[in-house]
Amino acid sequence: RMLRVAVGWLARGFGTALGAVGPESILATCAIMMFSTKYFFPKGYRRNIYGRVYSALTLLAAVAAQFWLPTLEPTYELGSFGKANLTHPPIVPEQLSRGELNASFGEFFRDGFGRRVILRGVNLAGSSKLPVGTSTHEREGFIEQVTHGNISFVGRPFALADADEHFKRLRAWGLTFVRFLVPWEAVEHKGPGEYDLEYLAYLREVVGKAAEYGISVFIDPHQDVWSRFTGGDGAPAWTLDKVGFNISALHESGASFTHQGHAHPFDDPLPFMAWPQNHGRLATATMFTLFFGGRDFAPNLIIDGENVQDFLQGHYFRAFARVAKELRGHKNVVGFDSLNEPHYGMIGWPDIQEFSRYRHGRAHSWFQAFQIGEGFSHTVEMYDRPLIYNGEIEMNPGNLRAWKDGSHCVWKNEGIWDVKEGEAVLLKPDHFSKKPDGSPVDIVDDYMVPFFRKFTAAIRAEAPDSLIFLDRNTDFEDPLVAHAPVAPEMEGVVWAPHWYDLIPLVCKSFRSHIGIRKAIIPYPVLGNGNLVKEYSRQLQELASHAKLIGKRGAPTLIGEIGIPMDMKAGDAFKSGNWDLQISAMDTTLQALDMALLSATIWNYTPDNSNANGDGWNGEDLSIFSPDQHLDRKNIYSGGRALPAVIRPIAWRTAGDPLEMAFDLRDRIFTFKYKPDPEIRAATLIFVPQYHYLDQPPVVELSEGATSQFLPSHQMLKVWHASGGTDVVTVTLSPAKPFEALIF
């Protein structure tokens, strides 16, 4: 134990001494941990002399990289971007609507002509997770919102009076496919079956306003770690109350970790990415287990005459079916996400005495979590950063219960454990690994697929031609597994997993020439070109699982992808130098282009601020902020990392896309596709005015191909010759040289 404490402090001290945490510091930390502690390795890995030599070499490379890599970072002169004629802000053609966008022909979306479609847009918005006028850093009145219910989501993501400004901006930026956040709480916060009619009316109005700007949306029933009251967002407070939780005691008892309740003097300010640790806390894990598997694992928990699973899922399905009913008259609503980043709680856990391999915050077993929730105190290991041991801490020293008076732990009621003579006794350690008939559980087939089918049926009963977007399980035990459903009978379905480079996301730093390969045993990736390829490999691996959905496979849309804007302690806010953010975003979107994937960037938050970011758990990923909106006449003002965000894209291709790349250095776009002889409609390529100013770009085409540039719509039309070349190549370059980028 003393060795682990020393190693933890050494690793943290090493990173601090090197300055801003970056990939090289992560390598150093991993090297020290590999050399000294068993927790870093997967089961069965044996530390030996070779492993120690590898860790020592990794440490040396990390030290050298800390001083050498910053000299390789690109710099950008923002003054050359977005200086087009602002008298008439640029527009783009209307996005495809419901019924026009087809998801039943394999890896690409298709339009009515059969053209392959690549969609790009944003998540709207980060602050939509919370009621109007609230942020997670504001404690006052948080718990009172449960008892008084004086909340509203009317005005999320923005007031109707401001809708024109924001939709006009997104249209000019070419981000016309929107993942629109609608938490369950926004619809049904008043109580079971009580819908917020004012919010539903607002939703109709704001979605209708999006249609005026040619913007299509799909509704995202957003949640993170279940609810605002368990450290995230999503479900109404009454879901916790109905199960028996005392919401006002969840943080203090240790059943959850909330930004609002955070007051530990050694953890102030809020640790980076602290909220995911709630996946391992009692409240979040219990709610997800009940939501997906209550009939199997809590058959005795009956609420309002039905099993807890049927009660929770039933209200969830009916709430979003009501949203579908309200919006079915708006054809720009193409469909619904099923559930953001679902988690399956304790389902499948072989022994609830075992600890998770992912250590972050206070680390305890599920059995310890049950006891802590019932008022026992426990001394547990503390990891103030993921996997970095930081000693021990007492949880629930005040012996508070997470349950209401008169209620007991639902798992105690199910006979999984009990208290005898003042001591906790475990009775069924493998309870969550087996179904009632004794057979082992299959999380995807037994719980994920049935949920997807029921959700799809509920939505399509109100809006029959809606597309359904499926996200993968958020699995911290095996993050290399995509957990895609095998569902060949499901049509009109989109595989919509999320992807982030976790180093910038968690550490809020980035190096364009070094990264970490995602593997069982990670190792460094050197060079920006190789880093782009590694990102693209991960994205393509995710997309490959879409082949299991539908008769011909399903298209993939990366539902969330992005970078933190407050890297290096928010230096860009003070200096105005956004080089690091542009480089990180460009590397990410280069990989997305290479993988030929659709995506909605996380995120666009209209009320973002430099001080409090997106207003939720210390995150700041918005590509727009009022604090950067200094020129009200400039449609690009307020944007962050825009040179990378706004980029040429092959929107609709008359054939199979083969390659797509945008070189930000020279602003050269290259696209190759194999023509489909059955399609006579033109290939449409978005050519952003932001990069090419008022001058039409130089267009180079394969022999026999022709084109037409529509500057007012930022669009290039390309027709391939009948019986012409097997591959059409399109190259765009500036009409005159730029001296804007210095590398």
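In what follows, the structure referred to is the one given above.
Residues numbered from 1 in each chain as written. Predicted model: local features only at pLDDT ≥ 70, side-chain atom pairs only at ≥ 80, totals over all residues. Heavy atoms only, no water.

Another aspect to go through is the packing of helix 10 (residues 282-297) against helix 11 (residues 308-327). Between helix 10 and helix 11, the shortest axis-to-axis distance is 7 Å and the interhelical angle comes to 105°. Regarding the angle of helix 10 to helix 11, the classification is roughly perpendicular. Between helix 10 and helix 11, the residues in contact are Met287, Leu290, Phe291, Phe292, Gly293, Gly294 and Arg295 and Val308, Gln309, Asp310, Leu312, Gln313 and Tyr316, respectively. Looking at side-chain class alone, the contact of helix 10 with helix 11 contains seven nonpolar, four polar and two charged residues. (Axes fitted to C-alpha atoms, helices over the stretch in contact; angles between N-to-C directions. Helix = DSSP H or I, 4+ residues; strand = E, 2+ residues; numbered from the N terminus. Parallel < 35°, antiparallel > 145°, perpendicular 65-115°, else oblique. Contact = heavy atoms within 4.5 Å. Nonpolar A, V, L, I, M, F, W, Y, C, P; charged D, E, K, R; others polar.)

All right, on to the nonpolar core then. Of all hydrophobic cores here, the largest spans 171 residues; its most connected members are Phe370 and Trp411. Counting residues per element, this core draws most heavily on helix 11, at eleven residues. The residues touching Trp411, leaving out its near neighbours within four places in the chain, are Thr286, Thr289, Leu290, Phe297, Ala298, Met346, Phe370, Ile416, Trp417 and Phe432. By size, the runner-up hydrophobic cluster in this structure holds 14 residues, among which are Phe109, Val117, Phe177 and Phe218. (Core = buried A, V, L, I, M, F, W, Y, C linked by side-chain atoms within 4.5 Å. Buried < 20%, exposed > 50% of the residue type's maximum accessible area, 1.4 Å probe, protein only.)

Before going further, it helps to spend a moment on unusual backbone geometry. The step from Leu124 to Ala125 runs through a cis peptide bond, and the omega angle for that step is 5°. Tracing the chain through its elements places Ala125 in the loop between strand 4 (120-124) and helix 4 (144-148). The omega angle of the peptide bond from Trp602 to Asn603 is 0°, so this bond is cis rather than trans. Residue position: Asn603 is located in the loop between strand 20 (598-601) and helix 19 (642-645). In this model, Glu421 sits at a positive phi of 55°, which is unusual for a non-glycine residue. Assignment of secondary structure puts Glu421 in the loop between strand 13 (417-420) and strand 14 (423-426). Phi is positive for Arg667, close to 55°, though the residue is something other than glycine. Within the secondary structure layout, Arg667 lies in the loop between strand 22 (655-663) and strand 23 (668-675).

Bringing the sheet that holds strand 3 (residues 116-117) into the picture now. Whether parallel or antiparallel, the strands of a sheet pair through hydrogen bonds between backbone atoms. The six strands are arranged 2-3-21-24-27-26 in an open sheet whose pairing can be described as antiparallel. Each edge of the sheet is formed by a strand with only one pairing partner; in this case those strands are strand 2 (109-110) and strand 26 (706-710). (Pairing = 2+ DSSP bridges.)

Using the criterion set out here, one finds 35 salt bridges in the structure. As a salt-bridge pair, Asp607 and Arg156 come within 2.8 Å of each other at their nearest N and O atoms. Of this pair, Asp607 sits in the loop between strand 20 and helix 19 while Arg156 sits in the loop between helix 4 and helix 5 (163-172); the two residues are 451 residues apart in sequence, bridging distant segments of the chain. Within this structure, Arg120, Asp586, Asp593 and Arg647 form a network of salt bridges that share partners. (Salt bridge = Lys/Arg side-chain N within 4 Å of Asp/Glu carboxyl O.)

Side chains of strand 20 alternate between two faces, with Ser598 and Thr600 and Ala599 and Ile601 buried alike. Pairing analysis gives three bridges linking strand 4 to strand 20, with the strands arranged parallel. Its bridge partner being in strand 20, Gly121 is matched across the sheet by Thr600. In this sheet, strand 20 lies alongside strand 19 (residues 557-558) in parallel orientation, the contact comprising two bridges. Along strand 20, the bridge assignment pairs Leu557 with Ser598.

This part takes up the sheet that holds strand 11 (residues 378-385). Strand order in the open sheet formed by three strands is 10-11-12, with antiparallel pairing between adjacent strands. Unpaired on one side and paired on the other, strand 10 (361-363) and strand 12 (388-395) mark the two borders of the sheet. Direction aside, neighbouring strands of the sheet carry axes that sit 40° apart on average. Where strand 10 meets strand 11, three bridges bridge the pair, whose relative direction is antiparallel. In the sheet register, Arg362 faces strand 11, and the bridge partner there is Met382.

At a minimum axis separation of 10 Å, helix 7 (residues 197-212) and helix 11 run at an interaxial angle of 45°. Here helix 7 lies oblique to helix 11, going by the angle between them. For the pair helix 7 and helix 11, the crossing hand works out as right-handed. Where helix 7 approaches helix 11, its residues Leu197, Leu200, Leu203, Arg204 and Val207 are matched on the opposing element by Arg322, Val323, Glu326 and Leu327. Classifying every residue of the contact of helix 7 with helix 11 by side-chain character gives six nonpolar, no polar and three charged. (Left-handed = near helix turned anticlockwise from the far one by under 90°.)

Moving on to the packing of aromatic side chains. As enumerated under the stated definition, the model contains 42 aromatic pairs in all. Ring centres of Trp173 and Tyr604 lie 6.3 Å apart, and the angle between their planes is 65°; on these two criteria the pair is classed as edge-to-face. Of this pair, Trp173 sits in the loop between helix 5 and strand 5 (177-181) while Tyr604 is found in the loop between strand 20 and helix 19, placing the two residues 431 residues apart along the sequence. This pair shows no difference in class: Trp173 is buried, exactly as Tyr604 is. Each ring, one from Phe297 and one from Tyr447, has its centre 6.0 Å from the other, and the planes form 40°; the classification is tilted. You can see Phe297 sitting in helix 10 and its partner Tyr447 sitting in helix 14 (residues 443-462), a full 150 residues away along the chain. (Phe/Tyr/Trp six-rings, centres within 6.5 Å; stacked < 30°, edge-to-face > 60°.)

Function cannot be read off these values alone, since they describe shape.
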